Amino acid sequence: MGTLALAAKITHVPSMYLSELDGPHKGCRQAAIDGHHEIGRRCRALGVDTIVVFDVHWLVNSEYHVNCAPRFEGVYTSNELPHFIRNMPYAYPGNVELGQRIAETANEMGVKSRAHHDTTLELEYGTLVPMRYMNADRHFKVVSVSAWCMWHDLKDSERFGRAVRRAIEERYDGTVAVFASGSLSHHFADNGHAPEFMHTMWDPFLEQMDLRVVDLWKQGDFATFTRMLPMYAERCFGEGGMHDTAMLLGVLGGEHYRAPAEIVTPFFASSGTGQINAVFPVTPLND
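The rules behind these values
Residues numbered from 1 in each chain as written. Predicted model: local features only at pLDDT ≥ 70, side-chain atom pairs only at ≥ 80, totals over all residues. Heavy atoms only, no water. Helix = DSSP H or I, 4+ residues; strand = E, 2+ residues; numbered from the N terminus. Rg over C-alpha atoms; globule rule 2.2 N^0.38 Å. Buried < 20%, exposed > 50% of the residue type's maximum accessible area, 1.4 Å probe, protein only. Contact = heavy atoms within 4.5 Å. Lys, Arg positive; Asp, Glu negative; His and termini not counted. Charge placed at Lys NZ, Arg CZ, Asp CG, Glu CD. Patch = residues over 30% accessible without salt bridge, like charges linked within 9 Å, V, L, I, M, F, W, Y side chains within 5 Å. Areas by Shrake-Rupley, 256 points an atom, 1.4 Å probe, with all protein chains shown as cover. Salt bridge = Lys/Arg side-chain N within 4 Å of Asp/Glu carboxyl O. pLDDT = per-residue confidence, 0-100. Pairing = 2+ DSSP bridges.

J.: Help me out: how do you make sense of the overall build of the protein in this one?
T.: Looking only at helices and strands, the protein has 8 helices and 10 strands in total. For 287 residues, the compact-globule estimate of 2.2 N^0.38 gives 19 Å, and the C-alpha radius of gyration of the protein, at 17 Å, lies within 12% of that figure. In terms of its C-alpha atoms, the protein occupies a principal-axis envelope of roughly 50 × 40 × 35 Å. Taken over 287 residues, the protein has a buried fraction of 57%. Within the protein, contacts between residues separated by at least 24 positions form 81% of all contacts whose residues are at least 6 apart in sequence. When the 25 positive and 35 negative side-chain charges of the protein are each reduced to one mean point, those points stand 3 Å apart.

Below, the structure is given as structure tokens:
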């Protein structure tokens, strides 16, 4: 019935918002912002009506959760980095139907999930930052998925991603894009050292690991990447345990996926962490 039109791994670094503001960092993340604009443009060209975001800033301790309120609106200040993102207004339409179909499908596949539509749940900045640049005109409906999964298995998150793909293609009459919103390696600069690492990786080991991962993606070697993901997430301080990435792998087909990724915004360092905007071609699943 429905179509998965675009899938991507995207950055949401709060310095993108800081980059808009007058001051010493103005313009510092323009390349990342331009990458979001380009991905948003492609979504429009493909007829996307809804964007599903796997958000590693939404922490959950049990089950998988889908925020599919009919509307999101507010003024956001990050409790993590209130000096980076403060008083940022937002307003986006939601998609109750798609969120419910995702949770239903996941439950039928044995992945315990809940959709929340009658809720006061707010959006986190893993969703809000990309929507600011891709969806300023509120063109797309938004569904946000918890992807900071504290006590979950990466294989379960991959299965959840597979359920998202099935819900879109079998139970939804529309066109959808799916984003894994999170970093590559994610060791922040230690307290007191943040300014010196604003545009630098925390450690050369982490940078080399990230660059190798990007090479695997560009080669389409997801058989290798899928096997190394648990250790990569652990040893390289994966943001949210990299459950967003596991979900994206499930959407795409996991270790059987072979399409080379397209790098929209080249790898860059931010506050010690590794970041990228990369589009993954959507190909048929091998059931």
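J.: Is there a simple way to explain a nonpolar patch on the surface in this structure?
T.: Residues Leu59, Trp148, Met150 and Trp151 make up a contiguous nonpolar surface patch of roughly 450 Å² in combined accessible area. Assignment of secondary structure puts methionine 150 in the loop between strand S7 (141-149) and helix H5 (154-171).

J.: So what exactly am I meant to see when it comes to the pattern of salt bridges here?
T.: Pairing between side chains becomes possible if they bear opposite charge and their charged atoms approach one another. One pass over the structure, following the stated rule, counts 14 salt bridges. In this structure, lysine 9 and aspartate 244 form a salt bridge, with 2.8 Å as the shortest nitrogen-oxygen distance. A residue pair is termed long-range when its members are at least 10 positions apart, and lysine 9 in strand S1 (residues 3-10) and aspartate 244 in helix H8 (residues 243-252) qualify at 235 residues. Taking the relative accessible area as the measure of exposure, lysine 9 reaches 0% and is therefore buried. Given a relative accessible area of 1%, aspartate 244 falls into the buried group.

J.: What is the right way to look at the confidence of the model for the protein in this model?
T.: If pLDDT is low for a region, its predicted coordinates should not be looked at in detail. Of the residues in the protein, 100% reach a pLDDT of 70 or more, and the chain-wide mean stands at 96. Across the protein, element-level confidence peaks in strand S8 (residues 175-181) with a mean pLDDT of 99 and bottoms out in helix H1 (residues 15-20) with 91.

J.: Can you walk me through the pairing of strand S9 (residues 262-270) in this structure?
T.: Of the pairings in the sheet, the one linking S9 to strand S10 (residues 273-280) comprises 6 bridges and is antiparallel in character. Each residue of the ladder has a partner; that of serine 270, found in S10, is threonine 273. Linking S9 to S10, which pair antiparallel, is a turn of 2 residues; within it serine 271 sits at a positive phi near 55°.

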